[in-house]
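Structure at a glance
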Amino acid sequence: MSGHLVFVYGTLKTGQPNHYLLNDKINGFSKFVGKAQTVDKWPLVISSKYNIPFLLNKQDFGKKICGEIYSVDDKMRDFLDKFECHPTYYKRLETPVILEDGSQMSPWIYFLLDFKPEMLNLITYGNYDSYGDHGLPYVESETTSSTDDMWA
Ligand code: PCA
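Right, let's walk through the structure included here.

About the cut-offs
Residues numbered from 1 in each chain as written. Predicted model: local features only at pLDDT ≥ 70, side-chain atom pairs only at ≥ 80, totals over all residues. Heavy atoms only, no water. Buried < 20%, exposed > 50% of the residue type's maximum accessible area, 1.4 Å probe, protein only. Helix = DSSP H or I, 4+ residues; strand = E, 2+ residues; numbered from the N terminus. Pairing = 2+ DSSP bridges. Near = heavy atom within 4 Å. Polar contact = N/O pair within 3.5 Å; in protein donor to acceptor, adjacent residues only side chain to side chain. Areas by Shrake-Rupley, 256 points an atom, 1.4 Å probe, with all protein chains shown as cover. Core = buried A, V, L, I, M, F, W, Y, C linked by side-chain atoms within 4.5 Å. Contact = heavy atoms within 4.5 Å. Salt bridge = Lys/Arg side-chain N within 4 Å of Asp/Glu carboxyl O.

Counting buried residues along strand β1 (residues 4–8), four of its five residues qualify, which places the element largely inside the surrounding structure. Pairing of β1 with strand β5 (residues 63–72), which is carried by five bridges, proceeds in the antiparallel orientation. Looking across to β5, one finds that Leu 5 is bridged to Ser 71.

See below:
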């Protein structure tokens, strides 16, 4: 298959609220490649009334981010683009990460490019967990698939 590598750091990770979407064959095909960490530091914050994890596109700020790499087919890549509202909301950028075996690759990562500067004052996380003791669990909502209401 023609594969695309995607690094997920938020609700799409194993055990997180949207992980099932990667396993649903209706959306396309995905295969777990390995756990990885970004080479650079990035700010991963939780924000909006839906407690959405956002990776802000500001290099060398925040922490190195833990996530999972998946190889996905065109269909799943297109599904994820739609789900993340790429390229108008999140935008995926090829970004270097290191796998547990020390190998390096540059999978796609969904970043928030346009963000309010105040978001940089939020707590930054290195390893997102919706159910963590920050007490800000991701809120699933029909409106999270639309950008209209995100900042409310
Ligand atoms: N899902 C994507 C980006 C943010 C989110 O909630 C991910 O897990 O990488």
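We now examine the site of the ligand. Around the ligand lies a shell formed by Val 8, Tyr 9, Gly 10, Thr 11, Leu 12, Pro 53, Glu 84 and Tyr 90. Leu 12 is positioned such that a nitrogen or oxygen atom in its backbone is 3.1 Å from an oxygen atom of the ligand. Take Glu 84: an N or O atom from its side chain is 3.2 Å from a nitrogen atom of the ligand. If the ligand stood free it would expose 260 Å²; the protein chains cover 98% of that surface.

Soluble globular proteins tend to pack their nonpolar side chains together in the buried interior. Among the nonpolar cores identified, the biggest contains 37 residues, and Phe 7, Tyr 9, Phe 54 and Leu 55 are the most heavily contacted of them. When residues no more than four places from it in sequence are discounted, the contact partners of Leu 55 are Tyr 9, Trp 42, Pro 43, Leu 44, Ile 65, Ile 109, Tyr 110, Phe 111 and Leu 112.

Here we take up the pattern of salt bridges. Oppositely charged side chains can pair when the atoms bearing their charge come close. Summed over all chains, the structure comprises two salt bridges. Residue Asp 78 pairs with Arg 77 through a salt bridge whose shortest N-O separation is 3.0 Å. Ionic pairing is found between Asp 81 and Arg 92, a salt bridge with its closest N-O pair at 2.8 Å. Residue Asp 81 is found in helix α2 (residues 74–83), and its partner Arg 92 is found in strand β6 (residues 90–94); the two are separated by 11 residues along the sequence. Residue classification places Asp 81 among the buried residues on the basis of a relative accessible area of 10%. The exposure class assigned to Arg 92 is buried, which follows from its relative accessible area of 11%.

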